[in-house]
Amino acid sequence: MSAAPTKATPPVQAVAPPAPAPQPVKAVVQPGVLPQGAGRNVAQRLCGTCHSLVLVTAKGHTEAEWDSIVARMESNGMQASADDINTVIDYLSKALPPR
């Protein structure tokens, strides 16, 4: 008696694992150089009058932290219009966020 033919099992193909999700690239801030963006000139004028921009770019902050820092600078004698204050806080919070 002859054995019934058996079906060949198809080869198993390896499936590559899914690629990891791309990680956001953090902007590199060059010490002392304010990143491009709306409000940069205002920040350079207001902050650079009393400080080296190395100090300003040394650490990123949240919008609330920048607001507090700018308020402290006002209490220390910084003169600026309300529009300039709002512009610089908006710029700094976007250009120099926590990192």
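Details of the structure are given in the entry above.
So, here is what we can say about the structure in this document. (Residues numbered from 1 in each chain as written. Predicted model: local features only at pLDDT ≥ 70, side-chain atom pairs only at ≥ 80, totals over all residues. Heavy atoms only, no water.)

## What to know about the overall build of the protein
Thinking step 1. From N to C terminus, the protein includes 4 helices and 0 strands.
Thinking step 2. Counting every position in the protein, which comprises 99 residues, the buried fraction comes to 26%.
Thinking step 3. A fraction of 66% describes how many contacts in the protein between residues 6 or more apart in sequence connect residues 24 or more apart. (Helix = DSSP H or I, 4+ residues; strand = E, 2+ residues; numbered from the N terminus. Buried < 20%, exposed > 50% of the residue type's maximum accessible area, 1.4 Å probe, protein only. Contact = heavy atoms within 4.5 Å.)

## Observations concerning helix H3 (residues 63-75)
Thinking step 1. The end-to-end C-alpha separation of H3 is 18 Å, in line with the 18 Å expected for 13 residues at 1.5 Å each.
Thinking step 2. Every buried residue of H3 is listed here: Trp66, Ile69 and Val70. Along the long axis of H3, the arc covered by the buried residues comes to 95°, so they all point the same way. Exposed and facing more than 90 degrees away from the buried side of H3 are Ala64 and Ser75.
Thinking step 3. Looking one or two residues beyond H3, the residue adopting positive phi is Gly77, at roughly 115°. (Expected span 1.5 Å × (residues − 1). Arc of directions from axis to C-beta.)

## Some details on the packing of helix H1 (residues 40-48) against helix H4 (residues 82-95)
Thinking step 1. Look at H1 against H4: their axes get within 9 Å of each other, and the N-to-C directions meet at 105°. Considered as vectors, H1 and H4 are oriented roughly perpendicular to each other. Contact with H1, carried on its side by Arg40, Val42, Ala43, Arg45, Leu46 and Cys47, involves Asp84, Thr87, Val88, Tyr91 and Leu92 of H4 and no other residues of that element. (Axes fitted to C-alpha atoms, helices over the stretch in contact; angles between N-to-C directions. Parallel < 35°, antiparallel > 145°, perpendicular 65-115°, else oblique.)

## A short note on the packing of H3 against H4
Thinking step 1. The N-to-C vectors of H3 and H4 enclose an angle of 140°; their axes lie 9 Å apart at closest approach. Judged on the interaxial angle alone, H4 and H3 are oblique. The two elements H3 and H4 cross, and the hand of that crossing is right-handed. Contact residues: Glu63, Trp66, Asp67, Val70 and Glu74 in H3; Ile85, Val88, Ile89, Leu92 and Ser93 in H4. (Left-handed = near helix turned anticlockwise from the far one by under 90°.)

## Topic: the environment of Glu63
Thinking step 1. Relative to the assigned elements, Glu63 resides in helix H3.
Thinking step 2. In sequence terms Glu63 and Ser93 are 30 residues apart; their C-alpha atoms lie 4.7 Å from each other.
Thinking step 3. Setting aside chain neighbours within four positions, we find Glu63 in contact with Ile89 and Ser93.

## Regarding the nonpolar core
Thinking step 1. Grouped together as the largest cluster of nonpolar side chains are 19 residues, with contacts concentrated most on Leu34, Val56, Val70, Val88, Leu92 and Leu96.
Thinking step 2. If you list the elements that add at least two residues to this core, you get H1, helix H2 (53-57), H3 and H4.
Thinking step 3. Among the elements that take part in this core, H4 stands out by supplying 6 residues, more than any other.
Thinking step 4. The residues touching Leu34, leaving out its near neighbours within four places in the chain, are Arg40, Ala43, Gln44, Leu53, Val56, Thr57, Tyr91 and Leu96. (Core = buried A, V, L, I, M, F, W, Y, C linked by side-chain atoms within 4.5 Å.)

Any functional reading would require information that these geometric values do not contain.
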